[in-house]
Every structure is written in C-alpha cells, then in structure tokens.
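Residue-level structure breakdown
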Amino acid sequence: MTLKKQCDKLWSELIKKRAGYKSELSGRAERLHSHHIMGKPNYRLRFEVKNGICLTAGEHFYGVHNQGRQKDYEDKIRAVKGENIYEELNLLRHSNGKTDLKLVKLFLEQQLRDLK
C-alpha cells in the first residue's frame, strides 16, 4: 500500500473515531463514510482533520454528492461544524507549503492514539 493510501486510510479512520463511529448529521451508525468537506485533490486539505465529517453512505452519496441536495447538506454541515467552516478551509487551502506524507502519517497515527 502506498504512503498516500495509508494516510487516506488513517485520515478516514480518525474522522470516524472522532465522531464516535456515528454520523455527525443523523447519529446513525451504519455504513459510515469519512467525507472531505472541501475536495481532497488539494493536498493541503486532503489530510486536514478539520476538513472531515463522518456521514452514512446515504448522506454521503445521496446528500452531499447530489446536485439537488448539496446546498441543504452544506447548511447541515455548517450547523454541525460551525458557520465559518468553509471560509476556514478555503484559507487553509491557499496556504503554501509542501505536504510531507511521512509527517502526515505520523501526525494521523498520533491523533488516533490520542483518541483512545
């Protein structure tokens, strides 16, 4: 498994664990997904813990990734994560610096240990 995939897996697990293995929108505990609030192609945000929310598969695919429901789900995410979450993430997205995946992996592993 590549270092990037290891970091993706750690990030996903951290988001679910931080949420108590329940959707942060509905409280349901089945078929959980870790969703990037702002897309993951930007490496500055891909592994940012603030950029994650735990959702059910239905909320993920039929809510946040459904054009007709996106705005409603953005409002729900703002209610859970704070009114300024998109603005904060947008500022982080434009910050400079190279992403060192070895350090990211160490950071995510430590964050997971700290949640135990």
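First, a word on what this report is: a plain description of the structure on this page. (Residues numbered from 1 in each chain as written. Predicted model: local features only at pLDDT ≥ 70, side-chain atom pairs only at ≥ 80, totals over all residues. Heavy atoms only, no water.)

1. Re the overall build of the chain
We apply this condition: Only DSSP runs of H or I covering at least 4 residues are called helices, and only runs of E covering at least 2 are called strands; the numbering of each starts at the N terminus. Two things to know: the radius of gyration comes from C-alpha atoms, and the globule rule equals 2.2 Å times the number of residues to the power 0.38. Residue contacts follow a heavy-atom distance rule, with two residues in contact if any of their heavy atoms lie within 4.5 Å.
On a plain count of helices and strands, the chain comes out with 6 helices and 2 strands. Mapped from its N terminus to its C terminus, the chain presents α and β elements in the order α-β-α-β-α-α-α-α. For a compact globule of 116 residues, the expected C-alpha radius of gyration is about 13 Å, and the chain comes in at 14 Å, within 12% of that figure. Here the contacts in the chain between residues at least 6 apart in sequence split such that 69% fall between residues at least 24 apart.

2. Some thoughts on the nonpolar core
Our working rule: Nine residue types can take part in a nonpolar core, namely buried Ala, Val, Leu, Ile, Met, Phe, Trp, Tyr and Cys, and a core is a set of them joined through side-chain atoms within 4.5 Å. Whether a residue is buried, partly exposed or exposed follows from its accessible area with a 1.4 Å probe, protein chains only, as a fraction of its type maximum: under 20%, in between, or over 50%, in that order.
The biggest cluster of nonpolar side chains holds 13 residues, and the ones touching the most others in it are Cys7, Phe47 and Leu108. Breaking this core down by element, the ones donating at least two residues are helix H1 (3–18) and helix H6 (101–114). In terms of residue count, the dominant contributor to this core is H1 (5 residues). If near-sequence neighbours (up to four positions away) are discounted, Leu108 is found in contact with Cys7, Leu10, Trp11, Leu14, Phe47 and Val49. Among the nonpolar cores identified, the runner-up in size contains 11 residues, and Ile37, Leu55, Ile77 and Ile85 belong to it.

3. Concerning the side chain of Asn51
Summarising the element assignment, Asn51 is placed in the loop between helix H2 (43–46) and strand E2 (52–56). Residue contacts for Asn51: discarding those within four places in its chain leaves Trp11, His35, His36, Ile37, Met38, Gly39, Leu45 and Leu89.

4. Section: helix H3 (residues 57–64)
Every buried residue of H3 is accounted for by Ala57, Glu59, His60, Gly63 and Val64. Residues of H3 that are buried sit in contact with strand E1 (32–36), E2 and helix H4 (70–81).

5. Focus: the pairing of E1
The side chains of a regular strand alternate between the sheet's two faces. The line we're drawing: By this definition, two strands are paired if DSSP reports at least two bridges between them.
Judged by how many residues are buried, E1 sits mostly within the fold: 4 of 5 residues are covered. Of the pairings in the sheet, the one linking E1 to E2 comprises 5 bridges and is antiparallel in character. In the sheet register, His36 faces E2, and the bridge partner there is Gly52.

6. Things to note about H1
Let me state the cut-off plainly: Here the expected length of a helix is defined as 1.5 Å per residue gap, with one fewer gap than residues.
Between its terminal C-alpha atoms H1 stretches 22 Å, which fits the 22 Å expected from 16 residues at 1.5 Å a residue. Among all positions of H1, only Cys7, Asp8, Leu10, Trp11, Ser12, Leu14, Ile15 and Lys16 are buried. As for H1, its buried residues are in contact with E1, H2, E2 and H6. Immediately downstream of H1, the backbone of Gly20 shows phi near 70 degrees, a positive value.

So far we have only geometry, and geometry alone does not tell us how the molecule works.
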